[in-house]
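# Chains, contacts and geometry: an overview
Chain residues, written in single-letter form:
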Amino acid sequence: MKKLLPTSIVGSLPKPVWLAPPEKLWSPWKLDGDQLLEGKQDALRIALHEQQLAGLDIICDGEQTRQHFVTTFVEHLSGVDFENRKTVKIRDRYDASVPMVIGEVARQKAVFVEDAKFLRKQTDKTIKWALPGPMTMVDTLYDAHYKSREKLAWEFAKALNEEARELQDAGVDIIQFDEPAFNVFFEEVNDWGMAALERAIEGLHCATAVHICYGYGIQANTDWKKTLGSEWRQYEEVFPQIQKSSIDIVSLECHNSNVPFDLIELIRCKKVMVGAIDVATNTIETPEEVADTLRKALKFVDIENLYPCTNCGMAPLSRNVARGKLSALSVGAEIIRKEFAV
Ligand SMILES: [Zn+2]
């Protein structure tokens, strides 16, 4: 029988201190050339080992080979200028120095395919690979060429689809698209964001997921969350579209958030990766707290469709805290499995 409540993380784990300075985003590499390649692979091995040791069921690379979940993908596309950066407000929230689109964007070569093959070789477990979603990519760049978020998203979706097909062929079981922008630009999601995401998953036969969250545990996000009031109903704006889409899995932020659990009812047929670990605090959840979050979600998602997960990536946390959280997730899920065992 298939194991109930397969556990996984959204994507990133902290990097070892010898690879990149910890606890920050866009942390620069400390190595270069062949040493960097070897260092990234070693870090990936550690990330894999720690997930397996914690007992997670779906394994990912911990994003050890990427500097950032969006810009590392973009770096491999033509038509983007990384030298002349622009400062833009991303997710309508915080300023970031980002690359500039100066011509037609196209994927000239594979981006993560070799890394995915490397991960595939190391484990027999189900593996998941995260890519940025087209709308979030658009929102993490300055566009001096298309002058249309929709057109640029469509081009990105084509490039993502090429990458996703190769990742699938490399043995990836679940391809996840990270779309935090879906929680901010509702009208655009309904106008073209969802269509672009559908374009990105076109023709795939592996499982597909979309991750929508309230962001990493950085100050700008924590401040934003304080303005959202006592009930966060953002998911309500996009769930009807997601319900109609061909995406298989939806990854959500739940624990310690003000998202009403009953919103999950709106995506009843989908598999749901329920965030039962808060990535915005160094406090490690107890397994009972994890179990409690899963119990609340179980009122609105069938147990066969519930995948315990983290709220978002853990890149900005310390390694010790991240390890503790992996273990809490795993033990917390086991509590519920026992309750359901007859
Ligand atoms: Zn996230």
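Residues numbered from 1 in each chain as written. Predicted model: local features only at pLDDT ≥ 70, side-chain atom pairs only at ≥ 80, totals over all residues.

Looking up the protein in an unreviewed UniProt entry gives the name Methionine synthase, with the organism given as Sphingobacterium corticibacterium. In its Cofactor (unreviewed entry) section, the UniProt record describing the protein reads: "Zn(2+)". (UniProt positions renumbered as here; feature names shortened; annotations may be inferred.)

## Structural notes on the overall build of the protein
Tallying secondary structure elements over the protein gives 10 helices and 10 strands in all. The C-alpha radius of gyration of the protein comes to 19 Å, within 12% of the 20 Å expected for a compact globule of 342 residues. Considered along the principal axes of its C-alpha atoms, the protein spans approximately 60 × 45 × 40 Å. Put simply, the protein has 342 residues, and 47% of those count as buried. (Helix = DSSP H or I, 4+ residues; strand = E, 2+ residues; numbered from the N terminus. Rg over C-alpha atoms; globule rule 2.2 N^0.38 Å. Buried ≥ 20, exposed ≤ 12 C-beta atoms within 10 Å, placed from the backbone.)

## Some points on the environment of Lys158
Topologically, Lys158 is positioned in helix α5 (residues 149-169). When the C-alpha positions of Lys158 and Ala106 are compared, they lie 8.3 Å apart, and in sequence the two are 52 residues distant.

## Remarks on helix α9 (residues 287-298)
Relative to the 16 Å expected for 12 residues at 1.5 Å per residue, α9 spans 16 Å between its end C-alpha atoms, a close match to the ideal helical length. Taken together, the buried residues of α9 touch β9 (271-275), β10 (306-309) and α10 (319-340). (Expected span 1.5 Å × (residues − 1). Contact = placed C-beta atoms within 7 Å.)

## Some details on the nonpolar core
Ranked by size, the top nonpolar core spans 103 residues in total, and within it Trp129, Phe156, Val250, Val272, Met273, Val274 and Leu294 carry the most contacts. A per-element tally of this core places α5 first, with 8 residues. With near-sequence residues (within four places) excluded, Val250 lies in contact with Val210, Ile242, Ile267, Lys270, Val272 and Met273. (Core = buried A, V, L, I, M, F, W, Y, C linked by C-beta atoms within 7 Å.)

## What to know about the sheet that holds strand β5 (residues 142-143)
In spatial order, the strands read β2-β3-β5; together these 3 strands make up an open sheet with mixed pairing. Two strands lie at the open edges of the sheet, namely β2 (77-90) and β5, each paired on one side alone. Pairing between strand β3 (residues 94-107) and β5: 2 bridges, direction parallel. Pairing of Met100 across the sheet is with Tyr142, part of β5. Docked against the sheet, α5 engages β2, β3 and β5, running at close to 75° with respect to β3. (Pairing = 2+ DSSP bridges. Axes fitted to C-alpha atoms, helices over the stretch in contact; angles between N-to-C directions.)

## Here we look at the packing of α9 against α10
How two helices pack is summed up by the angle between their axes together with the distance between the axes. It is at 7 Å that the axes of α9 and α10 come closest, and there the two elements cross at 55°. Between α9 and α10, the angle falls in the class oblique. Crossing angle aside, the handedness with which α9 passes α10 is right-handed. Between α9, through Pro287, Glu288, Val290, Ala291, Leu294 and Arg295, and α10, the contact on the second element is made entirely by Ala328, Leu329, Val331, Gly332, Ala333, Ile335 and Ile336. When its residues are assigned to classes, the contact of α9 with α10 shows 10 nonpolar, 1 polar and 2 charged. (Parallel < 35°, antiparallel > 145°, perpendicular 65-115°, else oblique. Left-handed = near helix turned anticlockwise from the far one by under 90°. Nonpolar A, V, L, I, M, F, W, Y, C, P; charged D, E, K, R; others polar.)

## Some words on unusual backbone geometry
A negative phi holds for most residues other than glycine; trans holds for most peptide bonds. Although it is not a glycine, Asp92 adopts a positive phi angle of roughly 60°. By the element assignment, Asp92 lies in the loop between β2 and β3. Note on Asp92: 10 C-beta atoms within 10 Å, which makes it exposed. Not every positive phi belongs to a glycine, and Lys147 is a case in point at roughly 55°.

## Here we look at the environment of Val189
Mapped onto the secondary structure, Val189 falls in helix α6 (residues 186-201). On the basis of neighbour count, Val189 is assigned to the buried category, with 23 C-beta atoms found within 10 Å. Ignoring any residue separated from it by four or fewer positions in sequence, one finds Val189 in contact with Met135, Phe182, Met194, Val238 and Gln241.

## Topic: the sheet that holds β10
The strand order across the open sheet built from 7 strands is β1-β4-β6-β7-β8-β9-β10, with neighbouring strands paired in parallel fashion. Every interior strand has two partners, whereas the edge strands, β1 (58-59) and β10, have only one. Sheet topology note: the β9/β10 ladder contains 4 bridges and is parallel. When the sheet's bridge partners are listed, Met273 is paired in β10 with Tyr307. Contacts from α9 reach β9 and β10 within the one sheet, and its direction differs from that of β10 by about 150°.

## As for the pairing of strand β4 (residues 126-132)
Extensive coverage of β4 is indicated by the burial of 6 of its 7 residues. Pairing geometry for β1 and β4, over 2 bridges, is parallel. Note on β4: the bridge partner recorded for Ile58 is Thr126. As judged from the 5 bridges shared by β4 and strand β6 (residues 174-178), these two strands associate in the parallel manner. Of the residues in β6, the one forming a bridge with Lys128 is Ile174.

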